[in-house]
Amino acid sequence: MGTSVLTLKIKRYHPGKEPLRWTETFKVETTQGMNLLEGLLRIQEEQDPTLCFRYSCRGAVCGSCGMEVNGTPLLACRTPVERLLKEPIRISPLPFFPVIRDLVVDMSPFFENYQKIEPYLHEKPAIPDREHIMTEDVRKAIDPYIQCILCGICFGVCPAFRREASFLGPAILAKAFRFLLDPRDRRGKDILQSVDHHRGVWGCNTVFRCVKACPKEVPPTHAIVRMRGKILKGHCARLFSRFSFLLRILS
Ligand code: FES
């Protein structure tokens, strides 16, 4: 692709300004290999310095440039403009989050849920006698979940989060699973207990939209389904042991 002109229709929101919300059309000259974030930066530098959006790393690491483009939540820095064939390109903030200004959303619901699962290693015991053994298989199982960059894109496509803001959410449940698999973490069943409710694994619609949308190929629905299986297995084992106890008393 050589130089061409791209039309971007961007949803704007400036609190305290009339009108509060409007859609503005910008035209931007593209260059070979340009990504959407670079296009937005060009608009900000050359046409409208008040246009707001988040970014930091420019390399799909910080997770801050999530936005909705032609109805699909994605990372602007990871989206080559060549891929956006449908013109004009409609850009709006990440869905289901409160908007602060233009394309900047309030990520508090995401990080409040994130804190609830205590997303750090609870080591067992606190000072180990020797190194923890991690097999290659365990490492392979954990690997996909380590890639999460907390961009919130999975929340932006999640029907369960749309329905219920207190639903823990795909990235959070995937992180819980990551620590459940980790042999160094002492919480084990406590992690399962903390997600065994309708705002946890049972709230998921299992439509796999988060798996499809994740820019880092994290599979949250797989984690949710695996945790559901483990929870059910635990419930069945408890029921069975109670039943056997009852049978022993009666016999
Ligand atoms: S700017 Fe960091 S992920 Fe896009």
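Residues numbered from 1 in each chain as written. Predicted model: local features only at pLDDT ≥ 70, side-chain atom pairs only at ≥ 80, totals over all residues. Heavy atoms only, no water.

Draft legend 1. Seen up close, the domain arrangement of the chain. According to the domain assignment, the chain consists of domain 1 (4–105) and domain 2 (108–238). Spacing between the C-alpha centres of domain 1 and domain 2 amounts to 30 Å. Facing 14 residues of domain 1, the contacting portion of domain 2 comprises 15 residues. Taking both sides of the interface into account, the surface hidden between domain 1 and domain 2 amounts to around 1,100 Å²; carbon and sulfur atoms contribute 71%. Contact with domain 2 buries surface across domain 1, with Pro 73, Phe 96 and Phe 97 losing the most and accounting together for 49% of the total. Linking domain 1 to domain 2 there are zero salt bridges. Connecting domain 1 to domain 2 are two residue pairs in polar contact (both at pLDDT 80 or more). Sort the elements by how many residues they give to the side of domain 1 that touches domain 2 and strand S4 (residues 72–75) lands first, with three residues. For the side of domain 1 that touches domain 2, the residue count by class is eleven nonpolar, two polar and one charged. (Domains from an automatic or database assignment. Contact = heavy atoms within 4.5 Å. Buried area = accessible area lost by both parts, 1.4 Å probe. Salt bridge = Lys/Arg side-chain N within 4 Å of Asp/Glu carboxyl O. Polar contact = N/O pair within 3.5 Å; in protein donor to acceptor, adjacent residues only side chain to side chain. Helix = DSSP H or I, 4+ residues; strand = E, 2+ residues; numbered from the N terminus. Nonpolar A, V, L, I, M, F, W, Y, C, P; charged D, E, K, R; others polar.)

Draft legend 2. How the structure looks around the state of the cysteines. Tallied over the full model, the rule gives zero disulfides. Lacking any disulfide linkage, Cys 154 is separated from the closest cysteine sulfur, that of Cys 151, by 6.3 Å. Of all cysteine sulfurs in the structure, the one in Cys 210 sits closest to Cys 158, which takes part in no disulfide; the separation is 6.6 Å. For Cys 158, a relative accessible area of 7% corresponds to the buried category. (Disulfide = S-S within 2.5 Å. Buried < 20%, exposed > 50% of the residue type's maximum accessible area, 1.4 Å probe, protein only.)

Draft legend 3. How the structure looks around the sheet that holds strand S5 (residues 89–92). Strand order in the open sheet formed by five strands is S2-S1-S5-S3-S4, with mixed pairing between adjacent strands. If you trace the sheet from one side to the other, it starts and ends with strand S2 (21–30) and S4, each paired once. Taking the axes of each pair of neighbouring strands and ignoring which way they run, one obtains an average angle of 35° across the sheet. Relative to S2, strand S1 (residues 4–13) runs antiparallel, the two being bridged by ten bridges. Bridged to Ile 10 within S2 is Glu 24. (Pairing = 2+ DSSP bridges. Axes fitted to C-alpha atoms, helices over the stretch in contact; angles between N-to-C directions.)

Draft legend 4. Highlighting helix H2 (residues 108–116). Of all the positions in H2, only Phe 110, Asn 113 and Tyr 114 are classed as buried. Each buried residue of H2 sits inside an arc of 105° when the element is viewed along its axis, so together they form one side. Along H2, the residues that are exposed and aim more than 90 degrees away from the buried face are Gln 115 and Lys 116. On its buried face, H2 sits against helix H4 (153–156) and helix H6 (170–181). (Arc of directions from axis to C-beta.)

Draft legend 5. Just the nonpolar core, in detail. The biggest cluster of nonpolar side chains holds 69 residues, and the ones touching the most others in it are Leu 8, Ile 10, Leu 40 and Ile 91. Of the residues forming this core, the biggest block, nine residues, is contributed by H6. A domain-level breakdown of this core finds at least three residues from each of domain 1 (4–105) and domain 2 (108–238). Excluding residues that lie within four positions of it along the chain, Leu 40 makes contacts with Leu 8, Ile 10, Leu 51, Phe 53, Met 67, Ile 91 and Leu 103. (Core = buried A, V, L, I, M, F, W, Y, C linked by side-chain atoms within 4.5 Å.)

Draft legend 6. Representation of the packing of H6 against helix H9 (residues 220–250) within the structure. Remark: H6 packs on H9, axes separated minimally by 8 Å, with the N-to-C direction vectors making an angle of 55°. In terms of their interaxial angle, H6 and H9 are classed as oblique. Judged by the twist between their axes, the crossing of H6 over H9 is left-handed. Where H6 abuts H9, its residues Pro 170, Leu 173, Ala 174, Phe 177, Leu 180 and Leu 181 lie against Pro 220, Ala 223, Ile 224, Arg 226, Met 227 and Lys 230. (Parallel < 35°, antiparallel > 145°, perpendicular 65-115°, else oblique. Left-handed = near helix turned anticlockwise from the far one by under 90°.)

Draft legend 7. Representation of the pairing of S1 in the model. Sheet analysis places S1 next to S5, joined by three bridges and oriented parallel. The residue bridging Ile 10 from the neighbouring strand is Ile 91, located in S5.

Draft legend 8. Representation of the pattern of salt bridges within the structure. Applying the stated criterion across every chain yields a total of eight salt bridges. Through salt bridges with shared partners, one network takes in Arg 12, Glu 24, Asp 48 and Asp 102.

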